[in-house]
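Listed below, chain by chain, are the residues.
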Amino acid sequence: MLGYHAEQEKALWLEGIAQIDGDTAYASCSEFNALFKVDLKTGDCTYISLFPEEHVNKRRLFIKAVYVNEKIYFIPASASAIYVFHPKTNAFERIEIEENIGENPYNANAKFA
């Protein structure tokens, strides 16, 4: 999805997008570590936060986002954990992923791709 950050006058490539109502979605930026709130009518994006404990310049952190029970679950591509975002409070939870040890290790940059 292509969004627009009006303050920076910059187009943003977004993935890991979860729509929470008819007008609003939240998405991770595919170019760097950032969570944006997206106005679905205008395409305008508002910066919310970095994902905690993730490098600021890491690309393609999340492959998918799912909205369930007023929480958004961000499923990692290159991120080190699953993140749960609470839109009402702007708070995060972090669900650790065990290291894959054995004969078939996963690709660290595409964990669930």
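Above: the structure in question.
The following paragraphs examine the structure supplied in this document. (Residues numbered from 1 in each chain as written. Predicted model: local features only at pLDDT ≥ 70, side-chain atom pairs only at ≥ 80, totals over all residues. Heavy atoms only, no water.)

1. Observations regarding the sheet that holds strand S8 (residues 81-86)
Taken in spatial order, the 4 strands make up an open sheet running S6-S7-S8-S9, and their pairing is antiparallel. The sheet is open, and its two borders are formed by strand S6 (62-68) and strand S9 (91-96), each paired with just one other strand. The average angle at which neighbouring strand axes cross in this sheet is 20°, direction not considered. The sheet contact formed by strand S7 (residues 71-76) and S8 spans 3 bridges and is antiparallel. Residue pairing in the sheet places Ile72 in a bridge with Phe85 of S8. (Pairing = 2+ DSSP bridges. Helix = DSSP H or I, 4+ residues; strand = E, 2+ residues; numbered from the N terminus. Axes fitted to C-alpha atoms, helices over the stretch in contact; angles between N-to-C directions.)

2. Side note on unusual backbone geometry
Phi angles above zero are rare outside glycine, and Asn69 is one such case at about 50°. In this fold, Asn69 is placed in the loop between S6 and S7. For Asn69, a relative accessible area of 68% corresponds to the exposed category. For Glu70, which is not glycine, the phi torsion reads 65° and is therefore positive. Structurally, Glu70 can be placed in the loop between S6 and S7. (Buried < 20%, exposed > 50% of the residue type's maximum accessible area, 1.4 Å probe, protein only.)

3. Things to note about the packing of aromatic side chains
Inspection of every chain in the model, using the stated rule, returns 10 aromatic pairs. On the basis of an interplanar angle of 90° and a centroid distance of 5.8 Å, the ring pair of Phe62 and Tyr83 is categorised as edge-to-face. Here Phe62, found in strand S6, pairs with Tyr83, found in strand S8; they are 21 residues apart in sequence, far enough to count as distant. Note on Phe62: relative accessible area 0%, which makes it buried. Every member of this aromatic cluster is reached through a ring pair, and the members are Tyr26, Phe51, Phe62, Phe74, Tyr83, Phe85 and Phe92. (Phe/Tyr/Trp six-rings, centres within 6.5 Å; stacked < 30°, edge-to-face > 60°.)

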